Structures are given as structure tokens and as C-alpha cells.
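# Architecture and fold: a report
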Amino acid sequence: MEEDYLEQLVMESASLSSKMREYIYVEMSHGVKVSNLAQEVAKELGEDETFCRQIAVAGLLHDIGKLWVMKHMNEAGSEETLTIERMKIVRMHPTHSCDMLMAEGYPAGITQAVYYHHENVDGTGYPENLRGDKIPWMARILRICDVYCALTTDRSYRRAFERFAAMEIMIDEVEDYDMRCFLAFQRVIHNEAGEKLRSLCTVISPLQKEHLPLFVKEAEAL
Ligand SMILES: [Fe+2]
Ligand SMILES: [Fe+2]
């Protein structure tokens, strides 16, 4: 099982707390899922191999800044901190993801896609409230894949949505998304056999294996 690979990777670091290990595991699984789906959507959009490799890396690492968020949430305390304060901290994660990747020398195509992965085409996203084609193309693809992967994953407060239920939810907020990306994403979701979709979170490519250790490295450096 490929999940064992993630577990092994997390266990290699003796200095991390069990809570942090669990957190890294969740973020790595999410990254792999987004990475796999984003590659499929990019292929469907006719993007070339370089672009597909870059989006695979950007999808894998887009939320790596959440490790910083987790640390700060813990420091802020859970009960006494206002929800709005916590929201502000959470919304800083694209900036931290981008900073971490820039410090590691990742190319601008990747760092920019990561920085803008929470922007919506109607201007309601963050961190810059960019609109439409002001948002880098790769970030517009990531946005859609990220939302879908989040909806189809179990959370502590709700069960994962089935793929068509997740799609319905996304159609209701379609003004958030780039229409060309969304249509390509819909084709991928509708065309793929259920088996392939289930495996989105379990297949880990050699390219992903090359970059996954960064989660552990960044967590150790916090
Ligand atoms: Fe994110
Ligand atoms: Fe995400």
C-alpha cells in the first residue's frame, strides 16, 4: 500500500511530536491527491509535459505552509483565541507555502501557483483578491482540484462527499472557478473509472516521492 510510504516517511523523523506526524501525514495525503488530479486536468486541457510536471509538484506542496499554521494555532491556544484571529492565521498559509518553496529554489511557475491557489475568479479569494485571468493559469486549475479533494475527504466534523455530490456543491459555487478549467475538471471526473479516482490518493509517483520529504524537513525546521 502506498499509504505505508507516507507513514514510513513520517516515522523516519524521531524529533517530531506524534501530533505533528499525524498532521504531516494528513497534509501529504491531501497533497498527493491534489497533485494526481491536477495532472489529469492539465492533460485534459492539453498542457505540455513540463506544465504537467510543474502542476504535479505545485499540487503536492501547495499546503505545506499549513505546518506553520498548525504551530501558530497551538501557540495561540485553542479556546481563548477569537475565531477571526484563527481565520487570519489560516489564511496566511499560501504565503508561507510560497516562502518555503522560494527558499528551496522552486521555479516561479510553481511558487506563484501555490501562492494564488485560494484565489477565486470572481475576486472573492485570498491573499490578493485577484480576478479572472489575473490569477496564474496553474493556480486556477489547482483551486478546483483542491476544493474537490477537500470535499471528497473525511473531516473530523463531516464524512467525505461522494464524487457527484461534491460536484453538485461545486456547481453551486461555479462563479469561483475558471470555466475552461471547470469543464475540463468535469470531464476528468465523469470520464475516469471509479477505480482510478479512488486511487488518486494512493498512487504516489517517483516525482512526488522526490518532493514529499520536504514536509518532514519543514516541520523539523519550525
Ligand atoms: Fe490551501
Ligand atoms: Fe489544499
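Refer to the structure above for everything that follows.
Structural notes, computed from the coordinates. (Residues numbered from 1 in each chain as written. Chains lettered and ligands numbered in written order. Predicted model: local features only at pLDDT ≥ 70, side-chain atom pairs only at ≥ 80, totals over all residues. Heavy atoms only, no water.)

With that settled, consider the coordination of the iron ion (ligand 2). Coordination of the iron ion (ligand 2) by the protein is provided by His30 (NE2), His62 (NE2), Asp63 (OD) and Asp146 (OD), with metal-donor distances spanning 2.1 to 2.3 Å. Relative to the metal, the four donor atoms surrounding the iron ion (ligand 2) lie at angles of 79 to 175°, and the coordination shape comes out irregular. All donor residues of the iron ion (ligand 2) come from one chain, and their arrangement in sequence is H-x31-H-D-x82-D. A separation of 3.7 Å is found between the iron ion (ligand 2) and the iron ion (ligand 1), which share Asp63 as a coordinating residue. Here Asp146 lies in helix 8 (residues 137-151) and Asp63 lies in the loop between helix 3 (49-61) and helix 4 (66-76), a separation of 83 residues in the sequence. As far as burial versus exposure is concerned, Asp63 and Asp146 are alike and both buried. (Donors = N, O, S within 2.8 Å, 3.2 Å for Na, K, Ca; no water. Tetrahedral: all angles 85-135°; square planar, octahedral: opposite > 155°, others 65-115°. Helix = DSSP H or I, 4+ residues; strand = E, 2+ residues; numbered from the N terminus. Buried < 20%, exposed > 50% of the residue type's maximum accessible area, 1.4 Å probe, protein only.)

Moving on, we get to the coordination of the iron ion (ligand 1). Each donor-metal-donor angle in an ideal tetrahedron of four donors is 109.5 degrees, and each such angle in an ideal octahedron of six donors is either 90 or 180 degrees. Only Asp63 (OD), His93 (NE2), His117 (NE2) and His118 (NE2) from the protein reach the iron ion (ligand 1) as donors, at distances of 2.2 to 2.3 Å. Seen from the iron ion (ligand 1), its four donor atoms lie at angles of 86 to 176°, and the figure they make is irregular. Positions of the donor residues of the iron ion (ligand 1) along the chain correspond to the pattern D-x29-H-x23-H-H.

In the contact formed by helix 2 (residues 18-44) and helix 10 (residues 179-191), the axes pass within 9 Å of each other and the chain directions differ by 110°. When the axes of helix 2 and helix 10 are compared, the pair comes out roughly perpendicular. Crossing of helix 2 against helix 10: the hand is right-handed. Together, Leu37, Glu40, Val41 and Glu44 of helix 2 and Cys181, Ala184, Phe185, Arg187, Val188 and Ile189 of helix 10 make up the contact between the two elements. (Axes fitted to C-alpha atoms, helices over the stretch in contact; angles between N-to-C directions. Parallel < 35°, antiparallel > 145°, perpendicular 65-115°, else oblique. Left-handed = near helix turned anticlockwise from the far one by under 90°. Contact = heavy atoms within 4.5 Å.)

The final tally for this structure, using the stated rule, is one cavity of 30 Å³ or more. What the largest cavity holds in volume is close to 30 Å³. Every residue lining the largest cavity is listed: Leu37, Glu40, Val188, Glu192, Lys196, Leu197 and Leu200. Taken together, the residues of the lining of the largest cavity break down into four nonpolar, no polar and three charged. (1 Å grid on protein atoms, 1.4 Å probe; cavity = no way out; pocket = protein on both sides within 12 Å on 5 of 7 lines; lining within 4 Å. Points joined across faces, edges and corners; volume = space filled by probe spheres on them. Nonpolar A, V, L, I, M, F, W, Y, C, P; charged D, E, K, R; others polar.)

All right, on to the side chain of Arg143 then. Note on placement: Arg143 falls in helix 8. Buried charge Arg143 goes without a salt bridge, the closest partner of opposite sign being Asp146 at 4.6 Å. A polar atom in the side chain of Arg143 sits 2.7 Å from the side chain of Asn120. Aside from chain neighbours lying at most four places away, what touches Arg143 is His117, His118, Glu119, Asn120 and Tyr177. (Lys, Arg positive; Asp, Glu negative; His and termini not counted. Salt bridge = Lys/Arg side-chain N within 4 Å of Asp/Glu carboxyl O. Polar contact = N/O pair within 3.5 Å; in protein donor to acceptor, adjacent residues only side chain to side chain.)

Turning our eyes to something else, we now look at the nonpolar core. Of all hydrophobic cores here, the largest spans 65 residues; its most connected members are Leu37, Phe185 and Leu212. Not counting chain neighbours up to four residues away, the residues in contact with Phe185 comprise Leu37, Val41, Ile144, Tyr148, Met167 and Met170. Judged by nonpolar contacts, the second largest core, of seven residues, contains Cys98, Tyr115, Leu130 and Ala139. (Core = buried A, V, L, I, M, F, W, Y, C linked by side-chain atoms within 4.5 Å.)

Quick reminder: α-helices carry 3.6 residues per turn. Residues three or four places apart thus point the same way. Compared with an ideal rise of 1.5 Å per residue, which puts 15 residues at 21 Å, helix 8 spans 22 Å between its outermost C-alpha atoms and is within 8% of the ideal. Here helix 8 lies mainly inside the structure; 15 of its 15 residues are buried. (Expected span 1.5 Å × (residues − 1).)

So, on to the packing of aromatic side chains. Geometry of an aromatic ring pair is reported as the spacing of the ring centres plus the angle between the planes. Summed over the entire model, instances satisfying the criterion amount to four aromatic pairs. When the centroid spacing of 5.5 Å and the interplanar angle of 50° are considered together, the rings of Phe182 and Phe185 count as tilted. One end of the pair is Phe182 and the other is Phe185, both in helix 10 and three residues apart, which spans about a single turn. Residues Phe182 and Phe185 agree in their burial class; the two are buried. Three or more aromatic residues joined by ring pairs form one cluster here, namely Tyr148, Tyr177, Phe182 and Phe185. The ring of Tyr5 is capped by Lys209, whose NZ or CZ atom sits 4.7 Å from the centre of that ring. (Phe/Tyr/Trp six-rings, centres within 6.5 Å; stacked < 30°, edge-to-face > 60°. Lys NZ or Arg CZ within 6 Å of the ring centre and 35° of its normal.)

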